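Structural characterization, general
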Amino acid sequence: MTRTLLRRVIVWLGRRRSVRWLAQRLQTPVDRWLLGHTGGHVSTVPGMPTILLHTTGRRSGRDRTSPLFYVPAGDGVAVVDTNY
């Protein structure tokens, strides 16, 4: 499957309300699991470099893990968070 065809399929799927609803609820947990179990090599968004950010809740003290995109920026990286 070529990149162009894959991109068309992803765009077509993204326009479907049911697919967007499902992705919004499943992508983060699935990405968290995939990245954690593959050492960060496999993600639900191919071609986008992803990191896992580990934080602790201020009030609850609960550990949280969030997958975030990043892009090179000079000598470091810029982290991008999405909330769709």
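Residues numbered from 1 in each chain as written. Predicted model: local features only at pLDDT ≥ 70, side-chain atom pairs only at ≥ 80, totals over all residues. Heavy atoms only, no water.

Moving on to the overall build of the protein. Regarding its fold elements, the protein presents two helices and three strands. The helix and strand sequence of the protein, counted from the amino end, reads α-α-β-β-β. Each of the three principal axes of the protein carries a C-alpha extent, and together these read 45 × 35 × 25 Å. Looking at the protein as a whole, 11% of its 84 residues qualify as buried. Counted over contacts in the protein with a minimum sequence separation of 6, partners at least 24 positions apart contribute 15%. When the accessible surface of the protein is summed, it comes to about 7200 Å², and 57% of that surface belongs to carbon and sulfur atoms. (Helix = DSSP H or I, 4+ residues; strand = E, 2+ residues; numbered from the N terminus. Buried < 20%, exposed > 50% of the residue type's maximum accessible area, 1.4 Å probe, protein only. Contact = heavy atoms within 4.5 Å. Areas by Shrake-Rupley, 256 points an atom, 1.4 Å probe, with all protein chains shown as cover.)

To continue, consider the pairing of strand E1 (residues 50-56). Taken together, the seven bridges between E1 and strand E2 (residues 63-73) define a ladder with antiparallel strand orientation. Residue pairing for E2: Thr56 is matched across the bridge by Asp63. The antiparallel hairpin formed by E1 and E2 contains six residues in its connecting segment, where Gly61 sits at a positive phi of about 75 degrees. (Pairing = 2+ DSSP bridges.)

The next point concerns the sheet that holds E1. Reading across the sheet, the three strands line up as E1-E2-E3 and stay open at both edges, with antiparallel pairing between neighbours. A single partner strand is all that each edge strand has here, and the edge strands are E1 and strand E3 (76-80). If you compare each strand with its neighbour and ignore which way they point, the axes differ by 50 degrees on average. Note: E2 against E3, five bridges, orientation antiparallel. Within E3, the position partnered with Val71 by the bridge is Ala78. (Axes fitted to C-alpha atoms, helices over the stretch in contact; angles between N-to-C directions.)

These figures capture arrangement, not role.
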